Amino acid sequence: KQSVQLLAEKGLSERECSEVKREMVASFMLELDSTRSIAQVIATMMRYDLGRDYLEKRAKLFESVRCEDIQNATRQM
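Now for a look at the structure at hand. Every value quoted in this text rests on a predicted model; they were computed, and no experiment measured them.

### A short note on the packing of aromatic side chains
Working step 1: One pass over the structure, following the stated rule, counts 0 aromatic pairs.
Working step 2: If you follow Arg58 out to its NZ or CZ, it ends over the ring of Phe28, 3.8 Å from the centre.

### Looking at helix α2 (residues 14-30)
Working step 1: Between its first and last C-alpha, α2 extends 24 Å over 17 residues, near the 24 Å set by a 1.5 Å rise per residue.
Working step 2: Of the surrounding secondary structure, the elements contacted by the buried residues of α2 are α3 (35-47), α4 (54-64) and α5 (67-75).

### Focus on the state of the cysteines
Working step 1: Within the structure shown, the criterion is met by 1 disulfide.
Working step 2: Across a sulfur-sulfur distance of 2.2 Å, Cys17 and Cys67 are joined as a disulfide pair. With the S-S dihedral at roughly -130°, the linkage between Cys17 and Cys67 falls on the left-handed side. Note that Cys17 is positioned in helix α2 and Cys67 in helix α5, a separation of 50 residues in sequence.
Working step 3: Assessed through its relative accessible area of 1%, Cys17 is described here as buried.

### Comments concerning the pattern of salt bridges
Working step 1: What the rule picks out here adds up to 5 salt bridges.
Working step 2: A salt bridge links Lys57 to Asp53; the shortest N-O distance between them is 3.6 Å.
Working step 3: Measuring nitrogen to oxygen at the nearest pair gives 2.9 Å for the salt bridge that ties Asp69 to Arg66.
Working step 4: A relative accessible area of 30% means that Asp69 is categorised as partly exposed.
Working step 5: Take Arg66: its relative accessible area is 45%, and that puts it in the partly exposed class.
Working step 6: Ionic contacts of the salt-bridge type, sharing partners, join the residues Arg66, Glu68 and Asp69 into one network.

The rules we used
- Residues numbered from 1 in each chain as written.
- Predicted model: local features only at pLDDT ≥ 70, side-chain atom pairs only at ≥ 80, totals over all residues.
- Heavy atoms only, no water.
- Phe/Tyr/Trp six-rings, centres within 6.5 Å; stacked < 30°, edge-to-face > 60°.
- Lys NZ or Arg CZ within 6 Å of the ring centre and 35° of its normal.
- Helix = DSSP H or I, 4+ residues; strand = E, 2+ residues; numbered from the N terminus.
- Expected span 1.5 Å × (residues − 1).
- Contact = heavy atoms within 4.5 Å.
- Disulfide = S-S within 2.5 Å.
- Buried < 20%, exposed > 50% of the residue type's maximum accessible area, 1.4 Å probe, protein only.
- Salt bridge = Lys/Arg side-chain N within 4 Å of Asp/Glu carboxyl O.

By themselves these figures say nothing about function.
Written as structure tokens, this is what we have:
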């Protein structure tokens, strides 16, 4: 919670924002390291009707988030 408060006050630089988005995409892919984790992702995709191409679209969705959007979200917490 303290980190979120600091982020809301200080904000993110463009570089930090890009790094956070890149880390989110990369860490998700690294978590797909077992049959169980893959099955859980597929089940979630089916449950929320995300489509077969969700894994391909996911990275693009993260890239489309603006730093301003992240900062606005932290201010609302």
